[in-house]
Amino acid sequence: MNAKIIRIKKSNNSKLMKKNYIFLLFGLLVFIMINSCSKDPGPGGRANVKGKLFSGNYHSPDVVLTAEDGEPDERIYLVYGEKENAYDKDVRTSHDGSFQFPFLRQGKYQIFAYSLDTVSESSSPMVPVIKSFEITDSKQQIEIDLTVFRAADKDGSSSIKGKVLVKKYNFNFSQILSQYNGSDEEVYLKFGNEPSFSKRIRTSYDGNYEFKGLRKGKYKVFSYSKAPSNSSPSGTVTVVMDVEITTNNQVINLADLVIAKN
């Protein structure tokens, strides 16, 4: 009698567990279906956004950018939705400036990177360059490029080099007494249309100088030279050379920068 009662209880428990399992499985399937159909932006989907970050010269913003101007090792930020002052994910660009955010769901997004401001007179030295996009298909592949600007001597790959030649005159500049390579002479570099010089270096013992790490763009190299008072009230003139870097990894060798002394 007791054994029979125990068998009946086991049978009822088994049916109850089976029923609960079916309900749990059904609830899980409903959750998966609802989640897979969600249009909320964020991870967990099969769409991708990729692109390339290009970087120009802040001091020569009119320079035409090409494929070689991809900016490596810079942060790209992704925002889920349209919120402000926050981001949800970031990646660093590859060696050629390329980047990718994979496995995104459908929805609206924003992507941005920081740049020197070439348009407005912002109080902040860096401003975000933002592009908005929307993923409307679960397997969509989106390509977006961004362009930012950096200072002329920020992570550039080119250089400008030359030599200072000094001509030594007599007191009234009527005769050249000697000529030699100018050691420890100041040479200035001006970026683009900057009102004043941007960098200053001194020549080595043999009169040579070199400005390194420069981006594509326009520059002026100059030094100061003594002059007769009848040609310059201050007794000094500026000897200037205009230079333009047109490709990356370019080395420009200038003619001698000739200055006078007495």
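Residues numbered from 1 in each chain as written. Predicted model: local features only at pLDDT ≥ 70, side-chain atom pairs only at ≥ 80, totals over all residues. Heavy atoms only, no water.

**Focus on the sheet that holds strand S12 (residues 199-202)**
Strand order in the open sheet made by the 4 strands is S12-S11-S14-S15, with antiparallel pairing throughout. Unpaired on one side and paired on the other, S12 and strand S15 (236-245) mark the two borders of the sheet. Mean inter-strand twist for the sheet, computed between neighbouring axes without regard to direction, equals 25°. (Pairing = 2+ DSSP bridges. Helix = DSSP H or I, 4+ residues; strand = E, 2+ residues; numbered from the N terminus. Axes fitted to C-alpha atoms, helices over the stretch in contact; angles between N-to-C directions.)

**Some points on the environment of Ile201**
Secondary-structure assignment places Ile201 in strand S12. Among the residues examined, Ile201 registers a relative accessible area of 22% and is labelled partly exposed. Once the C-alpha coordinates of Ile201 and Val187 are considered, the two residues, 14 residues apart in sequence, prove to be 5.5 Å apart. Ignoring anything within four residues of it in the chain, the contact list for Ile201 reads Glu185, Glu186, Val187, Tyr209, Glu210 and Phe211. (Buried < 20%, exposed > 50% of the residue type's maximum accessible area, 1.4 Å probe, protein only. Contact = heavy atoms within 4.5 Å.)

**Considering the packing of aromatic side chains**
Within this structure, the stated rule accounts for 14 aromatic pairs. Measuring from centroid to centroid gives 5.4 Å for Tyr169 and Phe173, while their planes differ by 40°, and the two rings are tilted. Judged by centre distance (5.4 Å) and plane angle (75°), the ring pair of Tyr188 and Tyr224 falls under edge-to-face. Pair noted here: Tyr188 is in strand S11 (residues 186-191) and Tyr224 is in strand S14 (residues 217-226), with a separation of 36 residues, a long-range link. One aromatic cluster is present, built from ring pairs that chain together Tyr77, Tyr87, Phe112 and Tyr114. (Phe/Tyr/Trp six-rings, centres within 6.5 Å; stacked < 30°, edge-to-face > 60°.)

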